[in-house]
Amino acid sequence: QVQLVESGGGLVQAGGSLRLSCAASGRTFSSGVVGWFRQAPGKDREFVAAISWDFGGTKYLDSVKGRFTISRDNAKNVVYLQMNSLKPEDTAVYYCGFGSVMATTLSWYPYWGQGTQVTVSS
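Below you will find a few notes about this structure. (Residues numbered from 1 in each chain as written. Predicted model: local features only at pLDDT ≥ 70, side-chain atom pairs only at ≥ 80, totals over all residues. Heavy atoms only, no water.)

### Here's the deal with the state of the cysteines
Then comes step 1: Here the structure, examined in full by the defined rule, presents one disulfide.
Then comes step 2: Two residues share a disulfide in this structure: Cys-22 and Cys-96, whose sulfurs sit 2.1 Å from each other. Its S-S torsion of about 70° marks the bond between Cys-22 and Cys-96 as right-handed, since a negative value means left-handed. Placement of the pair is Cys-22 in strand β3 (residues 18–25) and Cys-96 in strand β9 (residues 92–99), with a sequence separation of 74 residues.
Then comes step 3: Using a relative accessible area of 0% as the deciding quantity, one classes Cys-96 as buried. (Disulfide = S-S within 2.5 Å. Helix = DSSP H or I, 4+ residues; strand = E, 2+ residues; numbered from the N terminus. Buried < 20%, exposed > 50% of the residue type's maximum accessible area, 1.4 Å probe, protein only.)

### A short note on the sheet that holds strand β7 (residues 68–73)
Then comes step 1: Strand order in this open sheet of four strands is β1-β3-β8-β7, and the pairing throughout is antiparallel. Each edge of the sheet is formed by a strand with only one pairing partner; in this case those strands are β1 (3–7) and β7. Within this sheet the neighbouring strands show an average axis-to-axis angle of 20°, counted without direction.
Then comes step 2: Two strands pair when backbone bridges link them, and β1 and β3 are joined in this way by five bridges, in the antiparallel orientation. Looking across to β3, one finds that Gln-3 is bridged to Ser-25. (Pairing = 2+ DSSP bridges. Axes fitted to C-alpha atoms, helices over the stretch in contact; angles between N-to-C directions.)

### A few points about the nonpolar core
Then comes step 1: Trp-36, Leu-81, Met-83 and Tyr-94 are the most contacted members of the largest nonpolar core, which has 26 residues in total.
Then comes step 2: Secondary structure elements with two or more residues in this core: β3, β4 (33–39), β5 (46–52), β7, β8 (78–83), β9 and β11 (116–121).
Then comes step 3: Of the residues forming this core, the biggest block, four residues, is contributed by β9.
Then comes step 4: In contact with Met-83, other than residues within four places in its own chain, are Gly-16, Ser-17, Leu-18, Leu-20, Arg-67, Phe-68, Tyr-94 and Val-118.
Then comes step 5: Residues Val-33, Phe-37, Phe-47 and Ala-50 belong to the second largest nonpolar core, which totals six residues. (Core = buried A, V, L, I, M, F, W, Y, C linked by side-chain atoms within 4.5 Å. Contact = heavy atoms within 4.5 Å.)

### Some points on the packing of aromatic side chains
Then comes step 1: For the structure shown, the criterion picks out four aromatic pairs.
Then comes step 2: Geometrically, the ring pair formed by Phe-37 and Tyr-109 is edge-to-face, given 5.2 Å between the ring centres and 70° between the ring planes. Of this pair, Phe-37 sits in strand β4 while Tyr-109 sits in the loop between β9 and β10 (111–112), placing them 72 residues apart in sequence.
Then comes step 3: A centroid spacing of 5.1 Å and a plane angle of 70° characterise the contact between Phe-37 and Trp-112, whose relative ring orientation is edge-to-face. One end of the pair, Phe-37, is in strand β4; the other, Trp-112, is in strand β10, with 75 residues separating them in the sequence.
Then comes step 4: Put simply, the rings of Phe-37, Phe-47, Tyr-109 and Trp-112 pair up and form one aromatic cluster.
Then comes step 5: Above the plane of the ring of Tyr-95 lies Arg-45, whose end atom (NZ or CZ) is 3.7 Å from the centre.
Then comes step 6: For the cation-ring pair, Arg-45 lies above Trp-112, with the distance from its terminal atom to the ring centre recorded as 5.1 Å. (Phe/Tyr/Trp six-rings, centres within 6.5 Å; stacked < 30°, edge-to-face > 60°. Lys NZ or Arg CZ within 6 Å of the ring centre and 35° of its normal.)

### Focus: unusual backbone geometry
Then comes step 1: Phi is positive for Asn-77, which is not a glycine, with a value near 60°.
Then comes step 2: Inspection of the secondary structure puts Asn-77 in the loop between β7 and β8.
Then comes step 3: What makes Asn-77 buried here is its relative accessible area of 7%.
Then comes step 4: The phi angle at Ser-85 is positive, at roughly 50°, despite the residue not being glycine.

See the structure below:
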């Protein structure tokens, strides 16, 4: 059993920054992958970034490369998504998921948090 809780969302102006957190409960992250996905109004949920818990390898959506950074804190059992230079098109509900394979499709992530809203004003 893996339980995930996202936090850190909010309202920012274009060009601003936010740091999202994904904390685990029930069981700690020991292996596998933590991924961030987002869902904007009227759109499908899309992959944003992922990190391998044990090796630290990362993968990013092309449109966020150079702006977003995913990282993990092994001691705190938390995964972060640092989002800089935010754009209005980044506005969405952001979810973290946990799975066993580094993947960009949400079907590979069986465990999900409740989501946190990110709104970027123009």
